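# Architecture at a glance
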Amino acid sequence: MRAAVLKEFGSPLSLETVPDPVIGTGEVVVDVAATGVLPYTAEVFSGERRYPLTLPVTPGLGAVGRVRATGPDATALRVGEWVLCDPTIRSRDGVPTPDITLQGWSARGDGGLMLQRYFGQGSFAEQLLVPTENVFPLGDIDPADAGAWCAAHVLLVPYGGLLAAGLGAGDTVLISGATGNFGGAGVAVALAMGAGCVVAPGRNEAALEDLERRFGSRVRTVRLSGDEEEDRERMRRAAPGPIDVVLDMLPPSASTAPVRAAAMTVRDSGTVVLMGGVGMLGGDDLALPYPWIMRNNITIRGQWMCPREANAGLIKLVRSGLLDLGGFDVTAFGLADVEAAVAHAAAHGGRFSLTVLQP
């Protein structure tokens, strides 16, 4: 099969012919119809993001495609059916904290790197080998919509955070980083889950106006000034009542000040979920006041990606009409144009904009 291969950080991808995946028990081979190219892909390939990634590698994070072959222990999946491939691969040892690798992208710890040795090759290829439990049926779809379904891999990230927070119908949630790629997706997911109001702070006026236009009165945008105390009060005043959940999606380039300003808007007994990349490239640690956390019964938790069952839940949200993939603008490239796709994603990535490869 053809695949795009990253041999060294900072070098261009090369299009090569590599061996087809060899299927085993507990595995599925999928013909890749479309795979997303994230806006920060060039930062991963250059090494700037410092992601643990064993080279050489076929990169690529998740895919939409059709089942090519299943292992002997698969009883429901059928050859030819459309599926969503979850890139979050977990070890199967049965331990309380499984090791994780993001297929073709990154890993957590030494155990995650061990998983990369087997499931390390990603979706910038004509075929993808994945664990059976990472394959989720989509039902019948128009092949022309395969690229739009790649939005699921962006939406699943904030969905995982909102599930971790226990977001309930009618709750007020603040999305820190709402004008970005994952933050904007978080606004859409929170509304689909039944949030009564989403507070969306940011400095990008055009992005804030776009959120208002897309989602109407259930979204309350806040223009940030850069002053932490002032911005905290602006966010509180924008909410129709107490803020139940704060979800932080700010990228590594952000400082800790806006994270703290947003986090400390949450109500007594509220929940703050940290999912962004602040601090990953160095800088100050997030400093939250111990007395405020303790006396206000605040729950603060981290969430990396999403639980496996979130995939089926998100598919249901789309199929029910609560979450509209039609709001994403899709630009598609062939596998031979992978470098152009990476450059396009960097230049045009953002809220509700998808760059996809179609191998």
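Rules used in this analysis
- Residues numbered from 1 in each chain as written.
- Predicted model: local features only at pLDDT ≥ 70, side-chain atom pairs only at ≥ 80, totals over all residues.
- Heavy atoms only, no water.
- Axes fitted to C-alpha atoms, helices over the stretch in contact; angles between N-to-C directions.
- Helix = DSSP H or I, 4+ residues; strand = E, 2+ residues; numbered from the N terminus.
- Parallel < 35°, antiparallel > 145°, perpendicular 65-115°, else oblique.
- Left-handed = near helix turned anticlockwise from the far one by under 90°.
- Contact = heavy atoms within 4.5 Å.
- Nonpolar A, V, L, I, M, F, W, Y, C, P; charged D, E, K, R; others polar.
- Buried < 20%, exposed > 50% of the residue type's maximum accessible area, 1.4 Å probe, protein only.
- Lys, Arg positive; Asp, Glu negative; His and termini not counted.
- Salt bridge = Lys/Arg side-chain N within 4 Å of Asp/Glu carboxyl O.
- Polar contact = N/O pair within 3.5 Å; in protein donor to acceptor, adjacent residues only side chain to side chain.
- Pairing = 2+ DSSP bridges.
- 1 Å grid on protein atoms, 1.4 Å probe; cavity = no way out; pocket = protein on both sides within 12 Å on 5 of 7 lines; lining within 4 Å.
- Points joined across faces, edges and corners; volume = space filled by probe spheres on them.

Per an unreviewed UniProt entry, the chain goes by the name Zinc-binding dehydrogenase and belongs to Streptantibioticus silvisoli.

With that settled, the discussion passes to the packing of helix α7 (residues 228-238) against helix α8 (residues 256-263). Between two packed helices, what matters for the description is the angle formed by their axes and the separation of those axes. Relative orientation of the contacting elements α7 and α8 amounts to 40°, with a least axis distance of 8 Å. As far as their axial angle goes, α8 and α7 are oblique. As for the relative orientation of α7 and α8, their crossing is right-handed in sense. Contacts between α7 and α8 involve E228, R232 and M235 from the former and A257, R260, A261 and A262 from the latter. Here the residues of the contact of α7 with α8 are counted per class, giving four nonpolar, no polar and three charged.

Attention shifts here to the packing of helix α4 (residues 151-165) against helix α5 (residues 181-192). Between α4 and α5, the least distance of the axes is 8 Å, while the angle of their chain directions is 65°. Here α4 and α5 pass one another in a crossing that is right-handed. Contact residues: V154, L155, V157, P158, Y159 and L162 in α4; N181, F182, A185, G186, V189 and A190 in α5. When its residues are assigned to classes, the contact of α4 with α5 shows 10 nonpolar, two polar and no charged.

Within the fold, E27 resides in strand β3 (residues 27-36). Of the side chains bearing the opposite charge, R92 lies closest to the buried E27, which forms no salt bridge; the N-O distance is 5.5 Å. Within the structure, E27 has its side chain in polar contact with the side chain of Y118 (distance 2.6 Å). Setting aside anything within four residues of it in sequence, one finds E27 in contact with V22, T70, G71, Y118, F119, L129, V130, P131 and T132.

All right, on to the sheet that holds strand β6 (residues 88-90) then. Sheets are built from strands that pair by backbone hydrogen bonding, the pairs being arranged parallel or antiparallel. The sheet built from three strands is open, its strands ordered β6-β7-β8 with antiparallel pairing. In this open sheet, the two strands that pair with only one neighbour each are β6 and β8 (106-108). Taken over all neighbouring pairs, the strand axes of this sheet differ in orientation by 20° on average, direction set aside. Here three bridges tie β6 to strand β7 (residues 100-102), and the two strands are oriented antiparallel to one another. Among the inter-strand pairings, T88 is bridged to a residue of β7, identified as L102. Set on the sheet, helix α2 (residues 109-119) makes contact with β6, β7 and β8; between it and β8 the angle comes to about 140°.

All right, on to the side chain of D86 then. Looking at the element boundaries, D86 is found in the loop between β5 (82-85) and β6. Buried and unpaired, D86 has R90 as its nearest opposite-charge partner, separated by 4.6 Å. Here N311 takes part through its side chain, which lies 2.9 Å from a polar atom of the side chain of D86. Setting aside chain neighbours within four positions, we find D86 in contact with N134, F136, R308 and N311.

Among the five residues that make up strand β9 (residues 127-131), five are buried, leaving the element largely enclosed by the rest of the structure. The two faces of β9 match: Q127, L129 and P131 on one face and L128 and V130 on the other face are all buried. Across five bridges, the pairing between β3 and β9 is antiparallel. Note on β9: the bridge partner recorded for D31 is Q127.

Empty space within the second largest pocket amounts to approximately 290 Å³. Surrounding the second largest pocket, 18 residues form its lining, M1, P19, D20, P21 and Q121 being those nearest its centre. For the lining of the second largest pocket, the secondary-structure elements that each account for two or more residues are α2 and β9. In the lining of the second largest pocket, the residues fall into 11 nonpolar, six polar and one charged.

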